[in-house]
Amino acid sequence: MTQMIFQNERGKLCFSGGGKELLCITEISGLAMPPKSFETAVYVETPGQKTLSETREARVITVAGDICGKGMLAKTIRILDAPGWLMIYGDGKTRKVYARCISFEQGKRYGQYYRFALQFSCDSPYFEEKDESKVALFLRTNELKTPFVLPCRFSSRTSSATVINRGDVEAEPVFEIYFMGDEEELWEVTIQNEQTGEKLALSIPADAGDCVTIDVAKRKIYNQKGENLLSVLSPDSFLSRFHLQRGANFISVTSQKADGINVLCRFVNRYLEAVC
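Bear in mind that the values here come from a model prediction, so they are computed numbers and not experimental data.

Calculation rules
- Per chain, residues are indexed from 1 in the order of the written sequence.
- pLDDT decides what is reported in this predicted model: residues at 70 or higher carry local features, side-chain atom pairs at 80 or more are listed and counted, and totals for whole chains, interfaces and linings draw on all residues regardless.
- Heavy atoms throughout the structure, all of them, feed into the side-chain values; hydrogens and water do not.
- Just to be clear on terms, a salt bridge is a Lys or Arg side-chain nitrogen sitting within 4 Å of an Asp or Glu carboxyl oxygen.
- By the criteria applied, helices consist of DSSP H or I runs no shorter than four residues and strands consist of E runs no shorter than two, each listed in order from the N terminus.
- Only protein chains enter the calculation, and the probe is 1.4 Å; a residue is then buried if its accessible area is under 20% of its type maximum, exposed if over 50%, and partly exposed in between.
- Note on pairing: DSSP must find at least two bridges between two strands before they are called paired.
- Here, residues are in contact when the closest pair of their heavy atoms is within 4.5 Å.
- Both site types are read off a 1 Å grid over the protein atoms alone. A 1.4 Å probe that fits but cannot get out defines a cavity, while an open set with protein on both sides within 12 Å along at least five of seven lines defines a pocket; lining residues have an atom within 4 Å of a point.
- Grid points are joined across faces, edges and corners, and a volume is the space filled by probe spheres set on the points.
- Known as pLDDT, the predictor's confidence for each residue is given on a scale from 0 to 100.
- Between N-to-C directions, angles cover 0 to 180 degrees, with each direction set by a line fitted to C-alpha atoms, over the stretch in contact for helices.

### A closer look at the pattern of salt bridges
In step 1: Applying the stated rule across the entire model yields nine salt bridges.
In step 2: As a salt-bridge pair, Lys-36 and Glu-54 come within 2.8 Å of each other at their nearest N and O atoms. Placement of the pair is Lys-36 in strand E4 (residues 36-41) and Glu-54 in strand E5 (residues 50-56), with a sequence separation of 18 residues.
In step 3: When its relative accessible area of 46% is taken as the criterion, Glu-54 is described as partly exposed.

### Considering the pairing of strand E19 (residues 261-267)
In step 1: Most of E19 is tucked away: seven of the seven residues are buried.
In step 2: Where strand E11 (residues 133-136) lies against E19, four bridges are found, and the strand directions are antiparallel. Considered in E19, the bridge of Ser-133 is made with Phe-267.
In step 3: Direction of pairing for strand E13 (residues 174-179) relative to E19: antiparallel, over a ladder of six bridges. Across the sheet, the residue bridging to Ile-177 is Val-263, located in E19.

### Focus on the environment of Ile-251
In step 1: The residue Ile-251 is located in strand E18 (residues 247-255) in this model.
In step 2: For the pair Ile-251 and Val-163, spaced 88 residues apart in the sequence, the C-alpha separation amounts to 7.0 Å.
In step 3: Not counting chain neighbours up to four residues away, the residues in contact with Ile-251 comprise Leu-137, Ser-159, Ser-160, Ala-161, Val-163, Ile-191, Gln-192, Asn-193 and Leu-244.

### Some points on the layout of surface pockets
In step 1: When its volume is computed, the largest pocket comes out at roughly 640 Å³.
In step 2: Around the largest pocket sit 22 residues that line it, and Trp-85, Glu-128, Glu-172, Ala-217 and Lys-218 are the ones nearest its centre.
In step 3: The set of elements that each furnish at least two residues to the lining of the largest pocket consists of strand E8 (93-110) and E19.

### With respect to the pairing of strand E2 (residues 11-16)
In step 1: Bridge count for strand E1 (residues 3-8) against E2 is six bridges, and the pairing is antiparallel. Among the inter-strand pairings, Ile-5 is bridged to a residue of E2, identified as Cys-14.
In step 2: The turn linking E1 back onto E2 is made up of two residues.

### What to know about the confidence of the model for the chain
In step 1: Put simply, the chain has an average pLDDT of 88, and 89% of its residues get 70 or more.
In step 2: In this model residues 141-148 is a low-confidence stretch, pLDDT under 50, and it forms eight contacts with partners more than four residues away in sequence or in other chains.
In step 3: Scored below 50 in pLDDT, residues 152-157 shows 18 contacts in the model against residues more than four places distant or in partner chains.

### Focus: the sheet that holds strand E14 (residues 185-193)
In step 1: Overall, antiparallel pairing links the four strands, which are arranged E12-E18-E14-E15 in an open sheet. In the strand order of this sheet, the two ends are held by strand E12 (160-165) and strand E15 (199-206), each with one partner. Here the average twist between neighbouring strands, direction ignored, is 25°.
In step 2: Relative to E18, E12 is paired through six bridges, and the arrangement is antiparallel. Bridge assignment links Ala-161 to a residue of E18, and that residue is Ile-251.

Below is the structure:
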């Protein structure tokens, strides 16, 4: 049975795929592969066409169902008026996507129930896993044990790790660099994906206890104070090109001081569907 939860700062709506619930789903579409648009060219005296490029379009999810009571109807309209996270549960899977309701239609009344139809528009065509994956890349440790808190002290050194992207498409990671030097220094740090060949080379002025975050998806680099540090990125490094390919990614980290930093990689597996 499919269940769906939409939540934002205004509240939470729980949709169920069966039974006499306050919000009952009777039909849902838009959970399978998102549509693509293609740029094509046709040449004289050449049969068919040539596909030049393709792009995944935004996802649209359509839901029809029944709402119990006027009070629930009013609450639903208020919550749907703001964007939020849409969670899909079913068949042992949990998927989420950031969505906004672009239409809500109230239908006929049957007793205490009202028919409804609504549409969610999702800027991203991909569903995400509920929880982030975390991998330590540059720790002074032989064995990583969970749970763990960074920054922390360990007894030996590693400078690379294999990051597994279990999703259907590329993932855009977040790197957290924790500095443990005794005084302010200019740190030369390079993070490289050996599978794709892409790297992020940075020259970062940092004190002991500082944390610098590289958010690839948002194209941002900042410290714990929220200060913009995009200027520390080298001219031959590009956030837009750095990604985790499907499957195994061997990520290496180099720095002028092996025992001075810890690096954590965070990412979310992304999927083409939430079919339940």
